[in-house]
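Spelled out, the chains give:
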Amino acid sequence: YTVVICNFEMGDTLSESVRSIYTQLTKEFEILVVDGGSSDNSITELNKLEDKFDRVRSIRLDQESQRRLGEERNVGVRGAHGEYILLQMDADDRYDGGILEFVEVYHQIENRIEEKFYLKGNAINMTPRDFLIKRGPDRNIHAGEDEDLWRRLFADHVIIWLDHESFVEEIKNYKSGIYS
């Protein structure tokens, strides 16, 4: 499994977010952080995380004005080592349990249906890597890349929406600048 996290200028929250995910995972998981060319302390934080945790790695991109979040997600999917991808997990969120349970629910559904699918949860999503490469990828659009992908998957009847209690909390409210 690969947890793909995209980061840009979130050095203040990146370490707490990655640690909250890492502490929940077993050795079958890696965390891949795609940095979109941050100029804050993100790279320093990534170096510390990679030094401390053996299953955290990063892809560091140069800042490029034409590349959007959708393309950075695609870089993460292509660079993932896992057969399954967990995505739309943010570098400014803290995850308080629930990741492994979400993976278990995915596999329970997978055992009952024949076709590959995308499971959309609350601030966590999962699908096989090859499915996402074939059915996606995210479009490199200015905004709404997630909704665009979800609409396309919905039109093809290959997305399952799972409404569950959230286990995610925002670390920083960017509008007010207040940390939780």
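Each chain carries its own residue numbering, running from 1 in the direction its sequence is written. The model is predicted, so local features are restricted to residues of pLDDT at least 70 and side-chain atom pairs to those at 80 or more, both for listing and for counting; the totals for chains, interfaces and linings are taken over all residues. Side-chain numbers here rest on the full set of heavy atoms in the structure, without hydrogens or water.

Helices and strands together make up the secondary structure of the chain, namely six helices and eleven strands. What the globule rule says is 2.2 Å times the number of residues to the power 0.38, and the radius of gyration is computed from C-alpha atoms. Here the chain has a C-alpha radius of gyration of 16 Å; the compact-globule value for 180 residues is 16 Å, and the two agree. On the principal axes, the C-alpha backbone points of the chain span a range of 45 × 35 × 35 Å. Residue exposure (1.4 Å probe, protein chains only): buried if accessible area is under 20% of the type maximum, exposed if over 50%, otherwise partly exposed. Taking all 180 residues of the chain together, 52% fall into the buried category. Residues count as neighbours in contact if any of their non-hydrogen atoms are within 4.5 Å of one another. Pairs at least 24 residues apart make up 72% of the contacts formed inside the chain by residues separated by at least 6 positions. To be clear on the numbers: accessible area is Shrake-Rupley with a 1.4 Å probe, and residue cover counts the displayed protein chains and nothing else. Summed over all atoms, the accessible surface of the chain reaches about 9,300 Å², with 48% contributed by carbon and sulfur. For the purposes of this entry, the term helix denotes a DSSP run of H or I that reaches at least four residues, the term strand denotes a run of E that reaches at least two, and both are numbered from the N terminus.

Counting buried residues along strand 1 (residues 2-7), six of its six residues qualify, which places the element largely inside the surrounding structure. Of the two faces of strand 1, the one lined by Thr 2, Val 4 and Cys 6 and the one lined by Val 3, Ile 5 and Asn 7 are each fully buried. With six bridges joining them, strand 1 and strand 2 (residues 30-35) adopt parallel strand pairing. The residue bridging Val 3 from the neighbouring strand is Ile 31, located in strand 2. For a crossover, the right-handed case is the one in which the path from the first strand over the helix to the second runs clockwise, viewed with the strands pointing away from the viewer. With helix 1 (residues 11-22) bridging strand 1 and the parallel strand 2, this β-α-β connection has right-handed handedness. The rule for pairing is simple: two strands pair if DSSP sees at least two bridges between them.

Time to look at the confidence of the model for the chain. As a per-residue measure, pLDDT tells how confident the predictor is, with possible values from 0 to 100. With 96% of its residues at a pLDDT of 70 or more, the chain has an overall mean of 92. Here strand 11 (residues 178-179) stands out as the least confident element of the chain, with mean pLDDT 48; helix 4 (residues 99-110) is the most confident, with 98.

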